[in-house]
Amino acid sequence: MFTRCLVCLAPFPTNEVLEHFPVGDRVAFDPARGRLWAVCRACKRWTLAPIEERWEALEELDRATTDRAHLLSQTDHISLLRLENIEVVRVGRANLTEEAWWRYGRELVGRRERFRKVSFAGSVAVGAVILGGWTTGAMSWLAAWLLWEHAPGKVTDAARWLRFGSTAWRGEKVCERCGYVFRSVTFRERERLVLRPGEEGLTVSHRCPVCSGLRDGGFQAEGDDADRLVRRVFAYHHFAGASEQRVRSAARLIEEAGSPGGLSRIVVKDGRRIRDLGRTGAIALEIAANEESEQRLLEMELADLEERWREEEELAAIVDGELTPLPLLETLRQKVRQIG
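Residues numbered from 1 in each chain as written. Predicted model: local features only at pLDDT ≥ 70, side-chain atom pairs only at ≥ 80, totals over all residues. Heavy atoms only, no water.

Here we take up helix H1 (residues 55-67). The end-to-end C-alpha separation of H1 is 18 Å, in line with the 18 Å expected for 13 residues at 1.5 Å each. Every buried residue of H1 is listed here: Trp55, Ala57, Leu58, Glu60, Leu61, Ala64 and Thr65. (Helix = DSSP H or I, 4+ residues; strand = E, 2+ residues; numbered from the N terminus. Expected span 1.5 Å × (residues − 1). Buried < 20%, exposed > 50% of the residue type's maximum accessible area, 1.4 Å probe, protein only.)

See the structure below:
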């Protein structure tokens, strides 16, 4: 079993996920052509595994990626999957569906648990203050009631402010109708933001405080600006997280829509304010916005992976075709399987 990259000689880390190929934390395989590579993190080159080490590993990878792996992204020729703590690049389209729960659902449920802890800590602290004031006679029952009603919320608001600050967006955008210059959008204004489906994700509009322009003026964000603003606003908006049932309902909504773009057309239609979105729809939009952003980043990597695969496929054909007589390939494969 080789342990180093054949290009830059960097050592491959070992993995405990694949019994028959414990080499590297990123592997690539082509089940149709019988190719198996270890991908070097240092130089990004693909090192072709010796032919006698491939077959059982290929069968193990084929089963594992079908049964246990989670699809991250795919193009016509490349699928990028997560298999426990390693990444697997599969040449050829994998029959796996995107599972929003595994990628974002646990984070939202985790937020809910953290929010409950902060809220509970705030309630305990307020209770201690009320008890101390009541026993010393320094606090009336009305003051105690008002403190109990409002102070725990202020504690969670403070925690949210510490996490996000007060400003959702900073920059400079000019209202085309009256020339007013927007230099920031605060989180307090988030519920008045209007979301619409755009060519590249959602677009965000905000009414102008001077001329009241919205569609024909006001604040307009699209593309990367809108993407960052939407993800930041929804993370703030859903600081309290969501229940597992809510997240699974949102994931089903995304699945039924077929794509993030299809979801936005269903949920926001021709334009809706964030305050008018249903809870499940808003959670689904946050998941979809993160999914779409991450998808673009992964596709940038996948484009490089696909180019690399074409180069390495040529090398694999030379290694297997010229160094190993083709009539002997199947015979050798059967012998290796019998030995195993």
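Ordered by their spatial adjacency, four strands build an open sheet running S11-S10-S9-S12, and the pairing between neighbours is antiparallel. Among the strands making up the open sheet, the edge pair consists of strand S11 (219-221) and strand S12 (272-273). Contacts between helix H4 (residues 223-237) and the sheet are confined to strand S9 (194-198), strand S10 (201-206) and S11, with S10 contributing the most and set at about 80° to the helix. (Pairing = 2+ DSSP bridges. Contact = heavy atoms within 4.5 Å. Axes fitted to C-alpha atoms, helices over the stretch in contact; angles between N-to-C directions.)

Let's shift gears to the packing of aromatic side chains. Within the structure shown, the criterion is met by five aromatic pairs. Their ring planes at 70° and their centres at 5.7 Å tell us that Phe182 and Phe219 sit as a pair that is edge-to-face. Placement of Phe182 in strand S8 (residues 181-186) and of Phe219 in strand S11 is noted, with a sequence separation of 37 residues between them. The residues Phe182 and Phe219 share a single accessibility class, namely buried. Here the aromatic rings of Phe187 and Tyr236 are separated by 4.0 Å at their centres, their planes lie at 5°, and the arrangement is stacked. Here Phe187, found in the loop between S8 and S9, pairs with Tyr236, found in helix H4; they are 49 residues apart in sequence, far enough to count as distant. An aromatic cluster of three or more residues is present, and its members are Trp169, Tyr180, Phe182 and Phe219. (Phe/Tyr/Trp six-rings, centres within 6.5 Å; stacked < 30°, edge-to-face > 60°.)

Below, the discussion takes up the packing of helix H5 (residues 244-257) against helix H6 (residues 260-267). At a closest axis distance of 7 Å, the pairing of H5 and H6 adopts a crossing angle of 105°. By the angle between their axes, H5 is roughly perpendicular relative to H6. In this structure, H5 uses Leu253, Ile254 and Ala257 to contact H6, whose residues at the interface are Gly262, Leu263, Ile266 and Val267. Residue composition of the contact of H5 with H6, by class: six nonpolar, one polar and no charged. (Parallel < 35°, antiparallel > 145°, perpendicular 65-115°, else oblique. Nonpolar A, V, L, I, M, F, W, Y, C, P; charged D, E, K, R; others polar.)

As a further point, take the sheet that holds strand S5 (residues 78-83). Across a sheet, paired strands are connected by hydrogen bonds in the backbone, their directions being either parallel or antiparallel. Within the open sheet, the six strands sit side by side as S3-S2-S1-S6-S5-S4. Their pairing is mixed. One side of each edge strand has no neighbouring strand; the edge strands of this open sheet are strand S3 (46-48) and strand S4 (70-74). When strand polarity is set aside, the average angle formed by the axes of neighbouring strands in this sheet is 25°. As defined by bridge partners, S4 adjoins S5 across four bridges and the pair is classed as antiparallel. Within the sheet, the bridge partner assigned to Gln74 lies in S5 and is Ser79.

Structurally, the position occupied by Leu61 is in helix H1. For Leu61, a relative accessible area of 0% corresponds to the buried category. Along the primary structure Leu61 and His20 are separated by 41 residues, whereas in three dimensions their C-alpha atoms are 9.2 Å apart. When near neighbours in sequence (up to four residues on either side) are disregarded, Leu61 contacts Leu18, Val27, Phe29, Leu36 and Val88.

Moving on: the environment of Leu72. With respect to the element layout, Leu72 can be found in strand S4. Residue Leu72 is classed as buried on the basis of its relative accessible area, which comes to 14%. Sequence separation between Leu72 and Glu291 is 219 residues; the distance between their C-alpha atoms is 9.4 Å.

Turning to the pairing of strand S2 (residues 35-39), a few remarks are in order. Most of S2 sits inside the fold, with five of its five residues counted as buried. Of the two faces of S2, the one holding Arg35, Trp37 and Val39 and the one holding Leu36 and Ala38 are both buried throughout. The pairing of strand S1 (residues 26-30) with S2 spans four bridges and is antiparallel. Residue pairing across strands places Phe29 opposite Leu36, the latter belonging to S2. The loop that links S1 with its antiparallel partner S2 comprises four residues; one of these, Gly34, has a positive phi angle of about 75°. Bridge count between S2 and S3: three bridges; the pairing is antiparallel. Counterpart to Trp37 in the pairing with S3 is Leu48.

Moving on: the pairing of S8. Sheet topology note: the strand S7 (residues 167-174)/S8 ladder contains five bridges and is antiparallel. Across the sheet, the residue bridging to Val174 is Val181, located in S8. The hairpin turn running from S7 into S8, its antiparallel successor, is six residues long, and Gly179 in that turn takes a positive phi close to 90°.

Any functional reading would require information that these geometric values do not contain.
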